Structures are given as C-alpha cells and as structure tokens.
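Residues per chain, in single letters:
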Amino acid sequence: DAGVTQSPTHLIKTRGQQVTLRCSPISGHKSVSWYQQVLGQGPQFIFQYYEKEERGRGNFPDRFSARQFPNYSSELNVNALLLGDSALYLCASGSSLREGRDNEQFFGPGTRLTVL
Amino acid sequence: DQQVKQNSPSLSVQEGRISILNCDYTNSMFDYFLWYKKYPAEGPTFLISISSIKDKNEDGRFTVFLNKSAKHLSLHIVPSQPGDSAVYFCAASAYRSYDKVIFGPGTSLSVIP
C-alpha cells in the first residue's frame, strides 16, 4: 500500500510569491494534518482537516490556508511568501478522530520550500 | 512558549547500552504522549505512545515512562543499535484537540558501534 505522498519534493520561490503544496493521504484515511518544520526544530502544527472540514488550526498567519477534497487529498496554500517560510512542510494522515487513541498519524516525506 | 521541551539536542550511546531520551511538558491538559523517530529526508515515523492513565508502556526494545506529577516522560531504548541513530521527537496532545499534536525540538541520537 502507498504511504502518504506529497508533491512537489522541492520548491524554490521568491518573496511575495504564492505556493501550493499537495498531499495524498493513505487510502482510507479521512484526516489530514499539515506541519511546518524549520531546521533544528520540531514540526509545528498548521492545520488539521477531517471529512473536508477544518478541525484545528495552529498559530500561523492568514497567509496560510488549506483545503481538503472529496477524495481526502489536501492542498496547503501560502500567500505573500516571506524568507521565514522556508521550511520542510509535512503532511500527516490518520484514520479517524481520536478513536481509542490508537490511530497514530502517518507522515509523508515532506516538501522542502526555499524562499529567496 | 515551548509546551514540549527536549533539553538535550544530542546524545551519543555505545551499541548495546541503554539510551534514555527525556522530555518535559508544561501544559497540564496534555493527556496523550507520543515518540516519533525521523531519519534524514524522511517524514517522522511513529514509535510508541502512552496515555496519561498509564505510567509505562513497552514495545520490544522501547519503553516510555510517564511521570505526570513532574510533567516528564522518557524513552528508553535497550539495547541500543546503530540503526536507532536518528532524531527523536517527543510529542503531546490534549483530549478534544483532535489530532493537533505539539512536538518538541528533537534529540539527535547517535549509537556508536
């Protein structure tokens, strides 16, 4: 079975541009979460979507937005890019919301975004 | 405000010995704790978890201990193997926050053959 897939693998943008990152969850998983990992730090929660609805949002500006499609894939959009947005963006999928606490999230390999 | 702290950025251990990775948290609402392992160029991989109703959980060579009064947890790896060399993240979540998981900054473990 395919794991969580993310595209593109790497991306280079300039300040002020907009970027869209894509994630396909594990088949059957309805929950998708997005994280930002800056070098030397742990992943920071950005969004969680379940059944196409936003269920959680971290402390990120409105320049960050996301959506989930009927097939449970997801896109993360970042507008007006800043140098500080350079990071590894991770997507994680899970099977359900909190049932039994055994539904651990499965992470994709990430998209490395560099803003120049 | 860092809610999940891992104060040791790195740790080196001889193969066959015990590795102990520590984690402290500040938010008393956290009731579920996880450890993830991350290799370069890969996403984090779930390792082991523990609910706040327990104080210990074992899975093979990995054991997680939770001390709620001290808001402290630790991951023990026995015996340590060279393949365990990776960055280990401690993470926590609170009931009804769905899957919003708060990660610590990570500890880089090197197991020396």
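Residues numbered from 1 in each chain as written. Chains lettered and ligands numbered in written order. Predicted model: local features only at pLDDT ≥ 70, side-chain atom pairs only at ≥ 80, totals over all residues. Heavy atoms only, no water.

Novice: Before we move on, could you go through the overall build of chain B and cite the residues and values that matter?
Specialist: When its secondary structure is counted, chain B shows zero helices and 11 strands. Ordered by position from the N terminus, the helices and strands of chain B form the series β-β-β-β-β-β-β-β-β-β-β. Its C-alpha atoms give chain B a radius of gyration of 13 Å, within 12% of the compact-globule value 13 Å for 113 residues. Projecting the C-alpha coordinates of chain B onto the three principal axes gives extents of approximately 45 × 30 × 20 Å. For chain B, buried positions account for 46% of its 113 residues. If you take every contact in chain B between residues at least 6 apart in sequence, the share linking residues at least 24 apart comes to 54%. Across chain B, 11 positive and 10 negative side-chain charges occur, with their mean positions spaced 4 Å apart. (Helix = DSSP H or I, 4+ residues; strand = E, 2+ residues; numbered from the N terminus. Rg over C-alpha atoms; globule rule 2.2 N^0.38 Å. Buried < 20%, exposed > 50% of the residue type's maximum accessible area, 1.4 Å probe, protein only. Contact = heavy atoms within 4.5 Å. Lys, Arg positive; Asp, Glu negative; His and termini not counted. Charge placed at Lys NZ, Arg CZ, Asp CG, Glu CD.)

Novice: Tell me about a nonpolar patch on the surface, and please be specific about residues and values.
Specialist: On the surface, B:Ile18, B:Ile20 and B:Val78 cluster together into a nonpolar patch covering about 230 Å² of accessible area. By the secondary structure assignment, B:Ile20 is in strand 3 (residues 19-25). (Patch = residues over 30% accessible without salt bridge, like charges linked within 9 Å, V, L, I, M, F, W, Y side chains within 5 Å. Areas by Shrake-Rupley, 256 points an atom, 1.4 Å probe, with all protein chains shown as cover. Salt bridge = Lys/Arg side-chain N within 4 Å of Asp/Glu carboxyl O.)

Novice: So what's going on with the sheet that holds strand 1 (residues 5-7) of chain A? Residues and values would help.
Specialist: Residue and element names in this part refer to chain A. Read from one edge to the other, the open sheet built from four strands follows the order 1-3-8-7, with strand pairing classed as antiparallel. Of all the strands in the sheet, the pair left with one neighbour each is strand 1 and strand 7 (64-68). Each adjacent strand pair in this sheet contributes to an overall mean axis angle of 15 degrees, direction not counted. Note that strand 3 (residues 19-24) and strand 8 (residues 74-78) share five bridges and pair antiparallel. The residue of strand 8 that forms the bridge with Val19 is Val78. (Pairing = 2+ DSSP bridges. Axes fitted to C-alpha atoms, helices over the stretch in contact; angles between N-to-C directions.)

Novice: Break down the state of the cysteines for me, with residues and values.
Specialist: Under the counting rule described, the total for this entry stands at two disulfides over all chains. The disulfide bridge from A:Cys23 ends at A:Cys91, spanning 1.8 Å between sulfur atoms. Torsion about the S-S bond of the A:Cys23 and A:Cys91 cystine: about -65 degrees, corresponding to left-handed handedness. Residue A:Cys23 is found in strand 3, and its partner A:Cys91 is found in strand 9 (residues 87-94); the two are separated by 68 residues along the sequence. Among the residues examined, A:Cys23 registers a relative accessible area of 2% and is labelled buried. Linked covalently through their sulfurs, B:Cys23 and B:Cys90 form a disulfide whose S-S length is 2.0 Å. Because the torsion about its S-S bond is -75 degrees, the bridge between B:Cys23 and B:Cys90 counts as left-handed. Of this pair, B:Cys23 sits in strand 3 while B:Cys90 is found in strand 9 (residues 86-94), placing the two residues 67 residues apart along the sequence. We note that B:Cys23, like B:Cys90, is buried. (Disulfide = S-S within 2.5 Å.)

Novice: Explain the sheet that holds strand 8 (residues 72-77) of chain B to me, using residue names and the numbers behind them.
Specialist: On the basis of which strands lie adjacent, the open sheet formed by five strands has the order 1-3-8-7-6 (chain B) and antiparallel pairing. A strand with exactly one partner marks an edge of an open sheet, and here the two such strands are strand 1 (4-5) and strand 6 (56-59) of chain B.

Novice: How would you summarise the side chain of B:Lys37 if you had to cite specific residues and measurements?
Specialist: Residues and elements named next belong to chain B. Along the chain, Lys37 falls in strand 4 (residues 30-38). It turns out Lys37 is buried and unbridged, and the closest side chain with the opposite charge, Asp84, is 4.5 Å from it. Separated by 3.0 Å, the side chains of Lys37 and Tyr39 make a polar contact. The contact partners of Lys37, leaving out residues within four places of it in the chain, are Gly43, Pro44, Thr45, Gly83, Asp84, Ala86, Val87 and Tyr88. (Polar contact = N/O pair within 3.5 Å; in protein donor to acceptor, adjacent residues only side chain to side chain.)

Take it as geometry only, folks, not as evidence of what the structure does.
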